[in-house]
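# Remarks on the overall topology
The chain contents come next:
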Amino acid sequence: MTASNWTLVMEGEWMLKFYAPWCPSCQQTDSEWETFAKNGETLQISVGKVDVIQEPGLSGRFFVTTLPAFFHAKDGIFRRYRGPGIFEDLQNYILEKKWQSVEPLTGWKSPASLTMSGMAGLFSISGKIWHLHNYFTVTLGIPAWCSYIFFIVATLVFGLFMGLVLVIISECFYAPHPRNLSEHSEQNQRSEEAQGAEHLQDAEEEKDDSNEEENKDSLLDDEEEKEDLGDEDEAEEEEEVDNVAGGVDEERSDANDQGLLTEAIVVQEKVEPEETKGDTTEHPSADTEVAEDSLRQRKSQHANKGL
């Protein structure tokens, strides 16, 4: 398996082994793996292997951290096989479908995800740097410290170059505004602030005016209530004065009536001796009748005044 044909595992059923030539554990399982690969047709499964030294990108895509590493793939769904690399265990894993009980690699952990594609790129770059270091030290015979200095300088130069590229891109997409435009924008901002302050002042003045009008209305209402109360008090006082004056007039009229009655009685007593003794019945005199009539008229007048 290589970085160019690894997409074949997205179809059908596969078993993959990641190894390195220098790994002792990988070497111990080589014969078992070869036997399992020869029986792949019988098991109706495809078998492949990946050299992590030659294909660091695939080791990054599958996030291989230990060797040897085994993976099972079924129609693009990947699972990690953590059993021993013995032929019988591998064969039972396929025949008994033990892979169904293993949790698949989904989401960002899937080798086909965008995250793992980026990881594959990083591992590919690191693999190329490692190969270049081996070329300097083994093939050319350059000391290791010289190779390290070379990579340090190359990293700094590459960083400066990428920074320059980013600055140029930002300048292309974001053009600076002229000074006149900035001054115009400042003036507009100041005018907007001034207008906002004027609106606030107007609102405060309107509030003050409304409060003053409400206070005036409340004062007028209080004065009208006081005037109404004063009118009511004056009317009550006038009624009391009228009642007192009516009582005084009644008392005076009663006193006059009593005086008239006493005068009439006195006159009658004087007149009675002069009358003839032969009269058997008593008749009231004309003066007493006049007095009584006048007394009745006055009482009726007082009663009308009271009404």
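Residues numbered from 1 in each chain as written. Predicted model: local features only at pLDDT ≥ 70, side-chain atom pairs only at ≥ 80, totals over all residues. Heavy atoms only, no water.

Per an unreviewed UniProt entry, the protein chain goes by the name Thioredoxin-related transmembrane protein 4 and belongs to Fukomys damarensis. If you open the UniProt record of the protein chain and go to Subcellular location (unreviewed entry), you find "Endoplasmic reticulum membrane". (UniProt positions renumbered as here; feature names shortened; annotations may be inferred.)

## Describing the UniProt feature "transmembrane region" (unreviewed entry) in the protein chain
When the UniProt feature table is mapped onto this chain numbering, "transmembrane region" (unreviewed entry) sits at residues 148-169. Between the C-alpha atoms that bound residues 148-169 there is a distance of 32 Å. The span itself is 100% helix and 0% strand. (Helix = DSSP H or I, 4+ residues; strand = E, 2+ residues; numbered from the N terminus.)

## A short note on a negative patch on the surface
Residues E198, D202, E204, E205, E206, D208, D209, E212, E213 and E214 make up a contiguous surface patch of negative charge. Of the residues examined, E206 reaches a relative accessible area of 57% and is grouped as exposed. (Patch = residues over 30% accessible without salt bridge, like charges linked within 9 Å, V, L, I, M, F, W, Y side chains within 5 Å. Areas by Shrake-Rupley, 256 points an atom, 1.4 Å probe, with all protein chains shown as cover. Salt bridge = Lys/Arg side-chain N within 4 Å of Asp/Glu carboxyl O. Lys, Arg positive; Asp, Glu negative; His and termini not counted. Charge placed at Lys NZ, Arg CZ, Asp CG, Glu CD. Buried < 20%, exposed > 50% of the residue type's maximum accessible area, 1.4 Å probe, protein only.)

## Side note on the side chain of E13
Structurally, E13 is set in strand β1 (residues 13-19). E13 sits in the buried class, given a relative accessible area of 15%. A polar contact of 2.9 Å, which involves the side chain of E13, links it to the side chain of H72. Sequence-distant contacts of E13, defined by excluding residues within four places in its chain, comprise Q44, I45, S46, H72, A73, K74, I94 and W99. (Polar contact = N/O pair within 3.5 Å; in protein donor to acceptor, adjacent residues only side chain to side chain. Contact = heavy atoms within 4.5 Å.)

## As for the pairing of strand β3 (residues 69-74)
The element β3 is largely enclosed, with a buried count of five among its six residues. Taken together, the six bridges between β1 and β3 define a ladder with antiparallel strand orientation. From the neighbouring strand, E13 faces β3, where its bridge partner is K74. The antiparallel pairing of β3 with strand β4 (residues 77-81) creates a hairpin that spans two residues between the two strands, and D75 there sits at a positive phi of about 55°. (Pairing = 2+ DSSP bridges.)

## Brief notes about the pattern of salt bridges
Taken as a whole, this structure holds four salt bridges when the rule is applied. Across the pair E13 and K74 runs a salt bridge, and its minimum N-O distance is 4.0 Å. Of the two residues, E13 sits in strand β1 while K74 sits in strand β3, which places them 61 residues apart along the sequence. Here K49 ties to E34 by a salt bridge, and the two come within 3.5 Å at their closest N and O atoms. Taken together, the positions of K49 in strand β2 (residues 46-51) and E34 in helix α2 (residues 30-38) put the pair 15 residues apart, joining distant regions of the chain.

## Observations regarding the sheet that holds β2
Strands pair in a sheet through their backbones, by hydrogen bonds, and they do so in one of two ways: parallel or antiparallel. Pairing within the open sheet is mixed, and its four strands lie in the order β2-β1-β3-β4. Strands at the two margins of the open sheet, each flanked by one partner only, are β2 and β4. For this sheet the average axis-to-axis angle between neighbouring strands, irrespective of direction, equals 25°. Sheet topology note: the β3/β4 ladder contains five bridges and is antiparallel. The partner of K74 across the bridge, within β4, is I77. Of the strands in this sheet, β1, β3 and β4 touch helix α5 (residues 87-95), which is tilted by about 150° from β1. (Axes fitted to C-alpha atoms, helices over the stretch in contact; angles between N-to-C directions.)

## Focus on the packing of helix α6 (residues 114-139) against helix α7 (residues 144-173)
Closest axis-to-axis distance for the α6/α7 pair is 9 Å, and the angle between their directions is 140°. Taken together, the axes of α6 and α7 are oblique relative to one another. Helix-helix and strand crossings are classified by hand; for α6 and α7 the assignment is right-handed. Contact residues: I129, L132, H133, F136 and T137 in α6; A144, S147, Y148, F150 and F151 in α7. (Parallel < 35°, antiparallel > 145°, perpendicular 65-115°, else oblique. Left-handed = near helix turned anticlockwise from the far one by under 90°.)

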